[in-house]
Amino acid sequence: MLLDIAIILFLMIAAIALLLAEIFLFPGITLAGISGALFAIGGIFLAYAEGTAVGHATLALSLLAFGIAFLWLLRSRSFNKVALHTNIDSRLTSSRELGIQPGDEGITLSRLAPIGKARIKGIVVEAKSTNELIDEETPVVVVRVDSYNVLVRPINHKS
């Protein structure tokens, strides 16, 4: 009986530790999370084998211990050392905000197949060809300005 309690206690403590490590330390689903889940299932199964009351008590105490440990780790300053605290305050500038208008001319900096880079009015933008591949260093004219790319066609092309 005492050995059974020790085994159940070990399994539940190991399950809680592994599941918390999975949540706070290891990204994705790893061996720690799978092992923690298996240990928890095994501990609960063994507890219910001892009796329904023991099983219920083990399940309730395990959930309570997990919840307390989870909240304590969330509020703990120990994870501040490994946490990312960088705020991204930049934003993507729309092609419309750059002042590019239909009819503006430029040159492709890379092959547009169908999307690539072009320099229009001295500004490097993401350009999209109307319906064909456009080689590098080809003069182009702006047909339409979308939110984040510019629709272009070769200057010598009539459409």
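Fair warning: this is a prediction, and the values are worked out from it, not measured in the lab.

Student: I keep staring at the packing of aromatic side chains and nothing clicks. Help me out?
Tutor: Working definition: an aromatic ring pair is given by the centre-to-centre distance plus the angle between the planes. In the structure shown here, the tally under the stated rule is two aromatic pairs. Their ring planes at 45° and their centres at 5.3 Å tell us that F24 and F70 sit as a pair that is tilted. Of this pair, F24 sits in helix α1 (residues 2–24) while F70 sits in helix α3 (residues 52–75), and the two are 46 residues apart along the sequence. Ring centres of F66 and F70 lie 6.1 Å apart, and the angle between their planes is 25°; this geometry places the pair in the stacked category. Taken together, the residues span about one helical turn, with F66 and F70 both in helix α3 at a distance of four residues. In this structure F66 comes out as partly exposed when scored by relative accessible area, which is 22%. Classification of F70 by relative accessible area gives partly exposed; the value is 25%. Through successive ring pairs, a cluster of aromatic residues spans F24, F66 and F70.

Student: Explain the UniProt feature "domain: NfeD-like C-terminal" (unreviewed entry) in the chain to me, please; I cannot follow it from the model alone.
Tutor: The UniProt record marks residues 103–154 with the feature "domain: NfeD-like C-terminal" (unreviewed entry), using the residue numbering of this structure. Within the segment residues 103–154, helix and strand shares are 0% and 56% respectively, and the terminal C-alpha atoms sit 12 Å apart.

Student: It is not clear to me how the pattern of salt bridges should be interpreted in this structure. Could you clarify?
Tutor: Two side chains of opposite charge can pair, provided their charged atoms sit close to one another. All told, the structure shown has three salt bridges when counted by the stated rule. The partner of R111 in a salt bridge is D135, with the nearest N and O atoms 3.8 Å apart. Placement of R111 in the loop between β1 (105–108) and β2 (115–120) and of D135 in the loop between β3 (123–129) and β4 (139–145) is noted, with a sequence separation of 24 residues between them.

Student: I would appreciate a short explanation of the UniProt feature "transmembrane region" (unreviewed entry) in the chain in the present structure.
Tutor: Look at the UniProt record and you will see "transmembrane region" (unreviewed entry) annotated at residues 6–26, 31–49 and 55–74. The distance from the first to the last C-alpha atom of residues 6–26 is 28 Å, and the span holds 90% helix and 0% strand. Taken end to end, residues 31–49 has its terminal C-alpha atoms 26 Å apart, with 100% of it in helix and 0% in strand.

Student: When you look at the packing of helix α2 (residues 31–50) against α3 in this model, what are you seeing that I'm missing?
Tutor: Each pair of packed helices can be described by the angle between their axes along with the distance between the axes. Their axes nearest at 5 Å, the elements α2 and α3 cross at an angle of 150°. One finds that α2 runs roughly antiparallel with respect to α3. Here α2 and α3 pass one another in a crossing that is right-handed. Of the residues in α3, those in contact with I44, A47, Y48 and E50 of α2 are T52, V54, G55, H56, T58 and L59.

Student: Help me understand α2 in this model?
Tutor: For an α-helix the count is 3.6 residues per turn, leaving residues at separations of three or four pointing the same way. Look at α2: 28 Å from first C-alpha to last across 20 residues, which is about the 28 Å you get at 1.5 Å a residue. Residues A32, G33, S35, G36, A40, G43, I44 and A47 constitute the buried set of α2. Down the axis of α2, the sector holding all buried residues measures 165°, keeping them to one side. In α2, the exposed positions angled more than 90 degrees off the buried face are occupied by L31, L38, I41, F45 and A49.

Parameters at a glance
Residues numbered from 1 in each chain as written. Predicted model: local features only at pLDDT ≥ 70, side-chain atom pairs only at ≥ 80, totals over all residues. Heavy atoms only, no water. Phe/Tyr/Trp six-rings, centres within 6.5 Å; stacked < 30°, edge-to-face > 60°. Helix = DSSP H or I, 4+ residues; strand = E, 2+ residues; numbered from the N terminus. Buried < 20%, exposed > 50% of the residue type's maximum accessible area, 1.4 Å probe, protein only. UniProt positions renumbered as here; feature names shortened; annotations may be inferred. Salt bridge = Lys/Arg side-chain N within 4 Å of Asp/Glu carboxyl O. Axes fitted to C-alpha atoms, helices over the stretch in contact; angles between N-to-C directions. Parallel < 35°, antiparallel > 145°, perpendicular 65-115°, else oblique. Left-handed = near helix turned anticlockwise from the far one by under 90°. Contact = heavy atoms within 4.5 Å. Expected span 1.5 Å × (residues − 1). Arc of directions from axis to C-beta.

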